[in-house]
Amino acid sequence: MSTLANLASALAAGRIEVIDLTHTLDPDFPVIILPPEFGQCARFRMEEVSAYDHRGPAWKWNNISMSEHTGTHFDAPSHWISGRDVPLGSVDEIPAENFVGPVCVIDCSAETAQDEDFLMTPAHIEAWEAKHGPIPAGAWVLMRTDWSKRSGAAYLNMAQDGPHSPGPSAEAIRFLIDARDITGFGTECVGTDAGQGMHLSPPYPAHFILHGAGKYGLQCLANLDRLPPTGAVLIAAPLKIKNGTGSPLRVLAMVET
Ligand code: MN
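The structure presented is a predicted model; accordingly, all values stated were derived computationally and were not measured.

A. Region of interest: the packing of helix α5 (residues 170–179) against helix α6 (residues 205–212). Contact geometry of α5 with α6 gives a least axis separation of 9 Å together with a crossing angle of 20°. Taken together, the axes of α5 and α6 are roughly parallel relative to one another. Pair α5 / α6 crosses with right-handed handedness. Where α5 abuts α6, its residues Ala170, Ile173, Arg174 and Ile177 lie against Pro205, Ala206, Ile209 and Leu210. Along the lines of polarity and charge, the residues of the contact of α5 with α6 split into seven nonpolar, no polar and one charged.

B. Up close: the coordination of the manganese ion. Here the manganese ion is held by the protein donor atoms His69 (ND1), His73 (NE2) and Asp75 (OD), which lie 2.1 to 2.3 Å from it. The sequence motif formed by the donor residues of the manganese ion is H-x3-H-x1-D. Across this residue pair, the class does not change: His69 and His73 are buried.

C. Quick look at the nonpolar core. Ranked by size, the top nonpolar core spans 23 residues in total, and within it Leu21, Phe74, Leu142, Leu218, Leu227, Leu234 and Val251 carry the most contacts. Of all the elements in the fold, those that place two or more residues in this core are β5 (100–107), β7 (140–144), β12 (216–219), β13 (232–236) and β15 (251–256). In this structure, Val251 is in contact with Ile19, Asp20, Leu21, Thr22, Thr72, Leu218, Leu221, Leu234, Ile235 and Ala236, ignoring residues within four places of it in sequence.

D. Inspection of unusual backbone geometry at higher detail. Of note, the amide linkage connecting Ser201 to Pro202 takes the cis form, showing an omega dihedral of -5°. Mapped onto the elements of the fold, Pro202 is located in the loop between β11 (184–187) and α6. Of note in this structure, Asp146 is not a glycine but carries a positive phi near 65°. Looking at where Asp146 falls in the secondary structure, it is placed in the loop between β7 and α4 (153–156). Positive phi values are uncommon outside glycine, yet Tyr204 reaches one of about 50°. Counting through the fold element by element, Tyr204 comes out in the loop between β11 and α6.

Calculation criteria
- Residues numbered from 1 in each chain as written.
- Predicted model: local features only at pLDDT ≥ 70, side-chain atom pairs only at ≥ 80, totals over all residues.
- Heavy atoms only, no water.
- Axes fitted to C-alpha atoms, helices over the stretch in contact; angles between N-to-C directions.
- Helix = DSSP H or I, 4+ residues; strand = E, 2+ residues; numbered from the N terminus.
- Parallel < 35°, antiparallel > 145°, perpendicular 65-115°, else oblique.
- Left-handed = near helix turned anticlockwise from the far one by under 90°.
- Contact = heavy atoms within 4.5 Å.
- Nonpolar A, V, L, I, M, F, W, Y, C, P; charged D, E, K, R; others polar.
- Donors = N, O, S within 2.8 Å, 3.2 Å for Na, K, Ca; no water.
- Buried < 20%, exposed > 50% of the residue type's maximum accessible area, 1.4 Å probe, protein only.
- Core = buried A, V, L, I, M, F, W, Y, C linked by side-chain atoms within 4.5 Å.

The structure is reproduced here in structure tokens:
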């Protein structure tokens, strides 16, 4: 049997489960809030065009609007100034094969339960690799924090000095790129960087380093607690927006049961 025929029969028999890592697009889902002097990210909005009525007797449909960076979404290299000259740096240009790949899930939920400003370091990654093996080149690396189980104000977790949420250190991102050549890095939080990432060096290191190296980000992921540490395959294909810097998307993982 061919590899794909094997895959199809495993899916049909339930030996491979498809897990949805996506939050529902909803006007109430939080978006990142920047200091007031900056432009702001739009929430999801839906406007009914018709609903089997005089505006369209046999059909129902809606117009929708949002930011490229609303809800569960993909960050392309062109999102950050460090990646603005990266070849194939916008969502419409990225080669489609980069949207499918192996995924490693680093569970930081115990640490983040104790410290909402937790920063994942290379030591955490190496401790994970000692148990689960090296992160393969081309992998997606997802940082599990259980942040997706929060809702409302606790999700952004804003304080007087800005948001407080976990993320990777600059050294961790450099390690994942230079030593492991990952495809991208994903989080459950509203950004790939920690809430206080503006105070790191460089500021917002995940954005700066990932996108400067032509790598991708995923944020607002859900259900990471349903993934094994290794062995799943991620499918994360953004909308093909011309010159788009990111896109809401449906993120799926195939997992062997
Ligand atoms: Mn983004």
